[in-house]
Amino acid sequence: MVRQWKHRYVLSSVAAAAALVVATAGGVLTGSLGQAAEAATNGTLAATAGCGKAPTLTSGTRTISSSGQNRSYILRIPDGYDRNRPYRLIFGFHWLNGSANNVASAGYYGLLPLSNNSTIFVAPQGIDNGWANTNGRDLTLFDDISRVIENDLCVDTTQRFALGWSYGGAMSYAVACARPNVIRAVTVLSGANLSGCNPGTQPVAYFGIHGIYDSVLNISMGRSLRDTFVRNNGCTAQSPREPSRGSLTHITTAYSGCRAGYPVQWAAFDGDHTPSPVDGSSSPNDSRTWTSGEIWKFFSQFASTTPPTTAPPTSTPPTTPPPTTPPPTTPPPTGEPGTCTATYRAVNSWPGGFQGEVTVANGTTATLNGWTVRLTLGSGQAISSVWNGTNTGTTGNVTVKNAPYNGTLAPNGSTTFGFTATGDGPAPSNVSCTSP
């Protein structure tokens, strides 16, 4: 279980850091990272140099020379890594006086247990445990780490993300501002403009999360970061609803009118300076927070443009080739209703809520193309977030369909989706699966 966040910080240091920030230069990317930069926004997958290679990198703490200094980062490679499969890449930046080890040991802001081995995670270490980004040194570190990883491992260049809390949120914002053609989306938890924003004029999918009475970085600072990308992404300006003091709830708003592929989302919660607020409680808690589920859902909405493993024929086939043999009267199954199974398991529970996971399996000898799971929640239960799937309905009879990236299951293959829900009582019933 991910351990609870530590909340003993040197709060005054954050305010002091704001006064010490040096605006950073955007810079021009070169090498393999620069060549693939446009892929983040133009929808074209550029295979990284590491695809197809036997990797030399391993999970753990690694060192790198960047801007003339020895820097470090923690790398987490998925279990069962497949060198021919492009993976999502997520950078998790630590908070002031935190560390890369804090981020890694806490599951990269709770995303690691949700990733189902689909993601390469990186936790860089800041100088003096912060992200002043003096003369752009921390942006250069981001570039250098990315280049090393992508030269050795197989990364989907349309699926690069960053997130962080507090000073780490500020660094994620700086990455969004300076590397809009590299990064696909960012999440900023309780952040402010502490690491610079240069040039900060191009669209990037953006998710901001902030407490309404943040005593360290006022929510107005978070709103300002959000509004940068409301403008850049062409969204319709608005003042999103925010919860009242004492409500112990959060309100998430998806902006309308945004440029296709560049959503902006804002979640305000009734709480102070924390990355792990809990609805219905004033005590932050990693395992009970709603933030990880919503962040994962935000990141995983972006469909990969990974090409098929088997290349198409070099010559164009006829539009309607004549059959060489009479077609069978009954075609073989390719995922008809009833060919998949769904198995539910309880992951975690707490007073007033729980987390569940459903495994979707294809037990046939034919490839399954698309799946739909149906389940029934008990009285008073309601789904609050879903990842690795798209739900219709939140109470009673709920339907969850596959996400764009996990609908195809090979014979005897399987995948999972997870969700959090409010309410107590029995496990969901009538869990079933059909295809599609």
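Shown above is the structure to which this text applies.
Residues numbered from 1 in each chain as written. Predicted model: local features only at pLDDT ≥ 70, side-chain atom pairs only at ≥ 80, totals over all residues. Heavy atoms only, no water.

*Asks:* I tried to follow the sheet that holds strand β4 (residues 119-124) on my own but got confused; where do I start?
*Replies:* Sheet strands pair by backbone hydrogen bonding; their relative direction is either parallel or antiparallel. Taking strand neighbours across the sheet as the criterion, the 9 strands line up as β1-β2-β4-β3-β5-β6-β7-β9-β8 in an open arrangement whose pairing is mixed. Bordering the open sheet on either side are β1 (60-66) and β8 (250-254), each of which pairs with just one other strand. Across this sheet, the average inter-strand angle for adjacent strands is 20 degrees, counted without regard to direction. Across the sheet, helix α7 (residues 167-178) lies against β3 (87-93), β5 (155-165), β6 (185-189) and β7 (205-211), angled at about 145 degrees from β5, the strand it touches most. (Pairing = 2+ DSSP bridges. Helix = DSSP H or I, 4+ residues; strand = E, 2+ residues; numbered from the N terminus. Axes fitted to C-alpha atoms, helices over the stretch in contact; angles between N-to-C directions. Contact = heavy atoms within 4.5 Å.)

*Asks:* Help me out: how do you make sense of the environment of Gly 378 in this one?
*Replies:* With respect to the helices and strands, Gly 378 occurs in the loop between β13 (372-376) and β14 (382-387). Each C-alpha atom, one on Gly 378 and one on Pro 428, is 6.4 Å from the other, the two residues being 50 residues apart in sequence.

*Asks:* Would you take a moment to explain the state of the cysteines for this structure?
*Replies:* Structurally, a disulfide amounts to a covalent bond that connects the sulfur atoms of two cysteines. Inspection of the entire model under this criterion finds 4 disulfides. Here Cys 51 is linked by a disulfide to Cys 154, with a sulfur-sulfur distance of 2.1 Å. A torsion of 85 degrees about the S-S bond marks the disulfide between Cys 51 and Cys 154 as right-handed. Of this pair, Cys 51 sits in the loop between α3 (39-42) and β1 while Cys 154 is found in the loop between α6 (137-152) and β5, placing the two residues 103 residues apart along the sequence. The partner cysteine of Cys 177 in its disulfide is Cys 197, sulfur to sulfur 2.0 Å. Measuring the twist about the S-S bond at about -85 degrees, one finds the Cys 177-Cys 197 disulfide to be left-handed. (Disulfide = S-S within 2.5 Å.)

*Asks:* I tried to follow the pairing of strand β11 (residues 353-362) on my own but got confused; where do I start?
*Replies:* Summarising burial for β11: 8 of the 10 residues are buried, a large majority. Of the pairings in the sheet, the one linking β11 to strand β18 (residues 414-422) comprises 9 bridges and is antiparallel in character. Looking at β18, one finds that Ala 361 is bridged to Ser 414. (Buried < 20%, exposed > 50% of the residue type's maximum accessible area, 1.4 Å probe, protein only.)

*Asks:* Any chance you could explain the side chain of Asn 285 here in plain terms?
*Replies:* Structurally, Asn 285 can be placed in the loop between β9 (264-269) and α9 (291-300). Assessed through its relative accessible area of 18%, Asn 285 is described here as buried. Separated by 2.7 Å, the side chains of Asn 285 and Ser 287 make a polar contact. (Polar contact = N/O pair within 3.5 Å; in protein donor to acceptor, adjacent residues only side chain to side chain.)

*Asks:* Would you mind showing me how to read the packing of α7 against helix α8 (residues 219-232) here?
*Replies:* Any two packed helices are characterised by the angle at which their axes cross and by the distance between the axes. It is at 12 Å that the axes of α7 and α8 come closest, and there the two elements cross at 20 degrees. Comparing the axis directions of α7 and α8 gives the class roughly parallel. As α7 packs across α8, the resulting crossing turns out to be left-handed. Every residue of α8 that contacts α7 at Tyr 173, Ala 176 and Cys 177 is listed here: Leu 225, Thr 228 and Phe 229. Partitioning the contact of α7 with α8 into residue classes produces 5 nonpolar, 1 polar and no charged. (Parallel < 35°, antiparallel > 145°, perpendicular 65-115°, else oblique. Left-handed = near helix turned anticlockwise from the far one by under 90°. Nonpolar A, V, L, I, M, F, W, Y, C, P; charged D, E, K, R; others polar.)

*Asks:* Where do I start with the packing of aromatic side chains in this structure?
*Replies:* Centre-to-centre distance and the angle between the planes together describe a pair of aromatic rings. In this structure the tally under the stated criterion is 18 aromatic pairs. Measuring from ring centre to ring centre gives 5.2 Å for Tyr 206 and Phe 229, while their planes differ by 15 degrees; the resulting arrangement is stacked. On the criterion of sequence distance, the pair formed by Tyr 206 in strand β7 and Phe 229 in helix α8 is long-range, its members being 23 residues apart. Phe 229 matches Tyr 206 in its accessibility class, with the two residues each being buried. One cation-aromatic arrangement involves Arg 184 over Tyr 262; the distance from NZ or CZ to the ring centre is 5.3 Å. Note that Arg 226 overlies the ring of Trp 266, its terminal NZ or CZ placed 4.7 Å from the centroid. (Phe/Tyr/Trp six-rings, centres within 6.5 Å; stacked < 30°, edge-to-face > 60°. Lys NZ or Arg CZ within 6 Å of the ring centre and 35° of its normal.)

*Asks:* In this structure, what is going on with the pattern of salt bridges? I would like to understand it.
*Replies:* Two side chains with opposite charge may pair up if their charged atoms get near one another. Within the structure shown, the criterion is met by 8 salt bridges. Two residues, Arg 223 and Glu 242, come together in a salt bridge whose shortest N-O distance is 2.8 Å. Here the residue Arg 223 occupies a position in helix α8, and Glu 242 occupies one in the loop between α8 and β8, the gap between them amounting to 19 residues. Owing to a relative accessible area of 28%, Arg 223 belongs among the partly exposed residues under this scheme. Judged by its relative accessible area of 25%, Glu 242 is partly exposed. (Salt bridge = Lys/Arg side-chain N within 4 Å of Asp/Glu carboxyl O.)

*Asks:* How should the nonpolar core be read in this particular structure?
*Replies:* A general trend in soluble globular proteins is that nonpolar side chains are found buried together. Leu 75 and Ile 149 are the most contacted members of the largest nonpolar core, which totals 53 residues. Top contributing element to this core by residue count: α7, with 9 residues. Discounting residues that sit within four places of it in the chain, Ile 149 has contacts with Leu 57, Leu 75, Leu 89, Val 122 and Val 155. Within the second largest apolar cluster, 29 residues are counted, among which are Ala 100, Leu 114, Ala 267 and Trp 387. (Core = buried A, V, L, I, M, F, W, Y, C linked by side-chain atoms within 4.5 Å.)

*Asks:* Explanation requested: the packing of α6 against α7 in the structure shown.
*Replies:* In the contact formed by α6 and α7, the axes pass within 10 Å of each other and the chain directions differ by 75 degrees. When the axes of α6 and α7 are compared, the pair comes out roughly perpendicular. From α6, Asp 138, Leu 139 and Phe 142 reach across to α7, where they touch Met 171, Ala 174, Val 175 and Ala 178. In terms of residue class, the contact of α6 with α7 is made up of 6 nonpolar, no polar and 1 charged.

*Asks:* How do you make sense of the side chain of Arg 179 when you look at a structure like this?
*Replies:* Turning to its location among the elements, Arg 179 is positioned in the loop between α7 and β6. A residue is classified by how much of its surface remains accessible, and Arg 179, at 5% relative accessible area, is buried. A polar contact is formed between the side chain of Arg 179 and the side chain of Asp 143, at a distance of 2.7 Å.

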